[in-house]
Amino acid sequence: MDGPPRSVSARAEAFARLLLQREVEDFFYGEAELLDTRRFDEWLELFTDDARYWMPMRRNVPHDDRERELTREGLDVNWFDEGKDTLGRRVAQIQTGIHWAEEPPSRTCHMVSNVQIVRAAPAGSSPSEALTRCRFLVYRNRVETETDVLVGKREDTLRRVNGRWKIARRMVVLDQSVLLAKNLTFFI
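Residues numbered from 1 in each chain as written. Predicted model: local features only at pLDDT ≥ 70, side-chain atom pairs only at ≥ 80, totals over all residues. Heavy atoms only, no water.

Student: It is not clear to me how the sheet that holds strand 6 (residues 164–174) should be interpreted in this structure. Could you clarify?
Tutor: Two strands in a sheet stick together by hydrogen bonds in their backbones, pointing the same way (parallel) or opposite ways (antiparallel). The strand order across the open sheet built from 6 strands is 2-1-6-5-4-3, with neighbouring strands paired in mixed fashion. A single partner strand is all that each edge strand has here, and the edge strands are strand 2 (78–83) and strand 3 (107–121). In this sheet, neighbouring strand axes are inclined to one another by 20° on average, regardless of whether the strands run parallel or antiparallel. Taken together, the 10 bridges between strand 5 (residues 146–161) and strand 6 define a ladder with antiparallel strand orientation. Bridging from a neighbouring strand, Leu-158 pairs with Ile-167 of strand 6. Packed on one face of the sheet, helix 1 (residues 8–36) meets strand 3, strand 4 (129–142), strand 5 and strand 6 and runs near 155° to strand 3. (Pairing = 2+ DSSP bridges. Helix = DSSP H or I, 4+ residues; strand = E, 2+ residues; numbered from the N terminus. Axes fitted to C-alpha atoms, helices over the stretch in contact; angles between N-to-C directions. Contact = heavy atoms within 4.5 Å.)

Take a look at the structure:
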């Protein structure tokens, strides 16, 4: 044997963490499918009413000045900083069919990986909130020649509402400091 046997409670805790990991991964994979199939109303329902969805800008700074690498939340200009109401208005605008940058609509492929559960509260088999991190790659194609690839990381706070996970907060950090896409009319 490699060591003492694990206690029943330690095994139960490990199993609960494994189930939570799988549950969160399935949530993110389902979200990606909603976005890629343009089911934006269903996607919007994945957010809490008080949700915050924001993406700071990234700056090129000296290695010893990492504190200034990202624009500050609520203090600096960000690529976007929205709540559920604003997201709803963006979805409604896209669905009009006359949105200048989404007619014809973009084709997207969202890939999510490296999902980590940073913290779950309360700890145990059915937490009510979870802080997560993941990596993403979003491919976007529009008309004949417009393509964009965005790569980065997300930090999400998920909250259980009526037994289902919802996004209470999402911070999106691109790995590039210059946005090469013509617009950010698609969701990450």
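Student: Quick question: what am I supposed to make of the pattern of salt bridges here?
Tutor: Side chains bearing opposite charge may pair, as long as their charged atoms lie close to each other. The full count for this structure, using the stated rule, is 21 salt bridges. The shortest N-O distance in the salt bridge between Arg-22 and Asp-26 comes to 3.4 Å. Of this pair, Arg-22 and Asp-26 both sit in helix 1, 4 residues apart, roughly one helical turn. Under the relative-accessibility criterion, Arg-22 is labelled partly exposed at 46%. Note on Asp-26: relative accessible area 38%, which makes it partly exposed. With a shortest N-O distance of 3.7 Å, Arg-59 and Asp-76 are connected by a salt bridge. On the criterion of sequence distance, the pair formed by Arg-59 in the loop between strand 1 (47–56) and strand 2 and Asp-76 in the loop between strand 1 and strand 2 is long-range, its members being 17 residues apart. For Arg-59, a relative accessible area of 30% corresponds to the partly exposed category. Each of Glu-31, Arg-154, Asp-156 and Arg-170 takes part in salt bridges that share partners, so that together they form one network. (Salt bridge = Lys/Arg side-chain N within 4 Å of Asp/Glu carboxyl O. Buried < 20%, exposed > 50% of the residue type's maximum accessible area, 1.4 Å probe, protein only.)

Student: Just to check I follow, could you spell out the packing of aromatic side chains for this structure?
Tutor: Two aromatic rings, taken as a pair, are described by how far apart their centres are and by the angle between their planes. A full pass over the atoms with the stated rule returns 7 aromatic pairs. Residues Tyr-53 and Phe-80 carry aromatic rings whose centres are separated by 4.9 Å and whose planes lie at 10° to one another, so their mutual orientation is stacked. Taken together, the residues span a long stretch of sequence, with Tyr-53 in strand 1 and Phe-80 in strand 2 at a distance of 27 residues. Using a relative accessible area of 8% as the deciding quantity, one classes Phe-80 as buried. A network of ring pairs unites the aromatic residues Phe-40, Trp-43, Phe-47, Tyr-53, Phe-80 and Phe-187 as a single cluster. In this structure, Arg-90 is placed above the aromatic ring of Phe-80, and the distance from its NZ or CZ to the ring centre is 6.0 Å. Arg-154 extends its terminal NZ or CZ atom over the ring of Phe-28, reaching a point 5.0 Å from the ring centre. (Phe/Tyr/Trp six-rings, centres within 6.5 Å; stacked < 30°, edge-to-face > 60°. Lys NZ or Arg CZ within 6 Å of the ring centre and 35° of its normal.)

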